[in-house]
Every structure is written in structure tokens, then in C-alpha cells.
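Residues per chain are reported as follows:
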Amino acid sequence: MGKLAVTGITGKSGMYFLKEILNQENAVFERWSDIKCSTRNLANVEKVRKMTSGTSFNFVFLEGNLTDQRFCEKICFECDTVLHIAGIHWSRELVSAAVKQGVKRLILVHTTGIYSKYKAAGEEYRETDKIVYQLCKENAIDLTILRPTMIYGNLHDHNISVFIRMVDRCKVMPTVNGAHYELQPVHCRDLGVAYFKVLMNPEICNGRDYDLSGGEAIELRKIFEVIAENLGVKRQYINCPYPIAYIGAWGVYIISFGKLDYRERVQRLCETRVYSHEAATKDFGYHPMSFQMGIVKEVEAYKTRKDQQKHGKG
């Protein structure tokens, strides 16, 4: 049996991936008896320890930073397969370590941000992909790159959770160009399941890239409306034309002497981000849920936390 290394297992999609491992323990144990997990702080893995106690696996938790090349080498040491969920920003260090340690297979979770036409959003990601492809090709490593769209599913997603707070607090919602552009948010549960299926199907997924988008495209304005409906509130929307919003971002940039730069955020705000997941559906049965279905529990969690905070203050 081999050894598997996983980064980001305590994150929102990583925890769902872990649940898949535990739900199908026998099938996984036939391939990997040892599973190494990286963490920036061992205090963060207490929940994982409880979930994995009593299983057949030998789970090992290593504390460190993925910007540290030596730590990355420690993660990859004696592992034949590495699943990198933690993100594209640490891929170069991890892949270099994987090469040095003789890893045979890499699954990297990157981002559809690679397709952005805006400089900072896309160029760095494209350069990372280029370096990763080259390193794996030169060293005969089987590579699969997964590219999620906007991830949501819990109150720490930094995406839809921000929209929930906005809709809850703002009776009048400001929008750029009426928020009539499409996004395709993907629930972290669907990603966790996808990671697992890719891991278990090397004969199909090795050497392939997959976009992992949500169940359907949905306008941002509709996202706001669905959130408002689940919150039980009604909201009004005001429109700010894109040129005015962009000029405003420039104004903030100048006034703050470059410390506050929202220019690219405004640009990307009006960038349609819809990507087909047809290849993933065909190859490993990827069937993500609709946003209307996925958002329900996140809004419920938000309302519960809000009530708890209110009660605590009382």
C-alpha cells in the first residue's frame, strides 16, 4: 500500500473530501494506509483527529507553512500521491518538493481565475500552471489540475458569506450595471466529492484538467434575491454604471496614495464567470447542486450565528 499526502484537509472543501474517505474507508485503504495532512496550526486539526480516530488509516498531521520548501518536502516524503487542496499560491513550492521526493501523482486544486482577462487576476495563475506543467512533464509525474469557480458553503467562504451579510444589513443594495452578469458558484460539498472521485480514478483523470463549476449559471442580482428570500427580507436595488464605479475606484486609489486599490475588483465584478463542467461529468460523474439548493444551509447558519451573538450581547 502507498502513502497519500493532503494539504488543506481542514478547509471547507477538504473536510467534505475527508468525509468521502471515511465513508469509503475500505476502498481507500486498499491503496493508501498512511495519510499525511499538513496544517499551519495543530490546534486546527482537533476535529479531524476525532473524525479519524478508530479508522484503519494511519493519519499523521504535520505543522508548518507551505511557503517553506523543507516543510513541503517533509509532506511529500515517501508519498506516491499528493492532493493539494490548499490553493494555487503554494503550488510551485509543493510541486518542486514533489519532484525532489519522487512523487508519482499530483492532483492540484487551482482556480478558474486563470481565465480572467485582467492582468493581476490571471497572469500569476497562468504562469504557475505553466511552471507546474513543465516540472511534471520533465519528471514523469501524472498531473491533474482541478479548477473550481467561486466556492461557497459555509460562513468562512469569503465569497457568498459576504453577500449574505450585505443583503442582511443593506435595505438598499448598490449594484454595478444592475448586477446583470452571470456567475456559477460551486458548493464545497460538491468539490470534496469531486476530489475524492478524481483521486480514486487515476486511469481516467491522470493528465487531464477539469473546471468544477456550480449546477447552473446565475446572475448576481438573482443571487442577492435568493439570499434575501432565505433571509425573509425584501431589498431594493440601485444601479451604478460601470464607468462611474471604475472612476470611483480610481479616486479611492489616488486619495489613499495607492494603499486602497479596488480598480481590478470593480473590473472583475462585471466579468462573467461561467464555465462548463461537462468533462468532469463525463469522466467521473460530477453533478453539482443548484445555488438555490446549496445556499439554504449557509443562510440558516448565518441566522443561527446572528441569534447567538445577539443573545450573548443580551
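Residues numbered from 1 in each chain as written. Predicted model: local features only at pLDDT ≥ 70, side-chain atom pairs only at ≥ 80, totals over all residues. Heavy atoms only, no water.

**Details of the overall build of the protein**
A count of helical and extended segments in the protein gives 14 helices and 13 strands. By the compact-globule yardstick of 20 Å for 314 residues, the protein fits well, its C-alpha radius of gyration being 21 Å. Along the first, second and third principal axes, the C-alpha atoms of the protein reach 60 × 45 × 40 Å. The 314 residues of the protein split such that 48% are buried. Excluding contacts between residues fewer than 6 apart, the proportion of contacts in the protein whose partners are at least 24 apart in sequence is 80%. For the protein, the exposed surface amounts to about 15,900 Å²; the carbon and sulfur share of it is 51%. Side chains of the protein carry 43 positive and 36 negative charges; the gap between the two charge centres is 6 Å. (Helix = DSSP H or I, 4+ residues; strand = E, 2+ residues; numbered from the N terminus. Rg over C-alpha atoms; globule rule 2.2 N^0.38 Å. Buried < 20%, exposed > 50% of the residue type's maximum accessible area, 1.4 Å probe, protein only. Contact = heavy atoms within 4.5 Å. Areas by Shrake-Rupley, 256 points an atom, 1.4 Å probe, with all protein chains shown as cover. Lys, Arg positive; Asp, Glu negative; His and termini not counted. Charge placed at Lys NZ, Arg CZ, Asp CG, Glu CD.)

**Points about the sheet that holds strand β2 (residues 32–39)**
Spatially, the seven strands line up as an open sheet ordered β3-β2-β1-β4-β5-β6-β11, and their pairing is parallel. Bordering the open sheet on either side are β3 (58–63) and β11 (209–212), each of which pairs with just one other strand. Strand after strand, the sheet turns through a mean of 15° between neighbouring axes, direction not considered. Two elements, strand β6 (residues 142–148) and β11, share four bridges in a ladder whose sense is parallel. Among the inter-strand pairings, Pro148 is bridged to a residue of β11, identified as Leu212. Across the face of the sheet, helix α5 (residues 91–101) comes into contact with β1 (2–7), β4 (81–84) and β5 (105–109) while running at roughly 175° to β5. (Pairing = 2+ DSSP bridges. Axes fitted to C-alpha atoms, helices over the stretch in contact; angles between N-to-C directions.)

**Focus: the nonpolar core**
Residues Phe17, Tyr195, Leu212 and Phe284 are the most contacted members of the largest nonpolar core, which totals 38 residues. Secondary-structure elements contributing two or more residues to this core are β1, α1 (12–23), β2, β3, β5, α8 (188–200), β11 and α13 (278–284). At eight residues, α8 tops the list of elements feeding residues into this core. Not counting residues up to four positions away in its chain, the partners in contact with Tyr195 are Ser13, Phe17, Leu83, Ile85, Val109, Leu146, Pro148 and Leu212. (Core = buried A, V, L, I, M, F, W, Y, C linked by side-chain atoms within 4.5 Å.)

**Looking at a positive patch on the surface**
On the surface, a cluster of positive charge is contributed by Lys19, Lys47, Arg189 and Lys297. Assignment of secondary structure puts Arg189 in helix α8. Classification of Arg189 as partly exposed rests on a relative accessible area of 39%. (Patch = residues over 30% accessible without salt bridge, like charges linked within 9 Å, V, L, I, M, F, W, Y side chains within 5 Å. Salt bridge = Lys/Arg side-chain N within 4 Å of Asp/Glu carboxyl O.)

**A look at the packing of helix α7 (residues 160–169) against helix α10 (residues 220–231)**
With their axes 9 Å apart at the nearest point, α7 and α10 run at an angle of 65° to one another. Crossing hand, α7 versus α10: right-handed. Each of Ile160, Phe163, Ile164, Val167 and Asp168 in α7 lies in contact with α10, whose residues at this interface are Leu220, Ile223, Phe224, Ile227, Ala228 and Leu231. Of the residues in the contact of α7 with α10, the class split is ten nonpolar, no polar and one charged. (Left-handed = near helix turned anticlockwise from the far one by under 90°. Nonpolar A, V, L, I, M, F, W, Y, C, P; charged D, E, K, R; others polar.)

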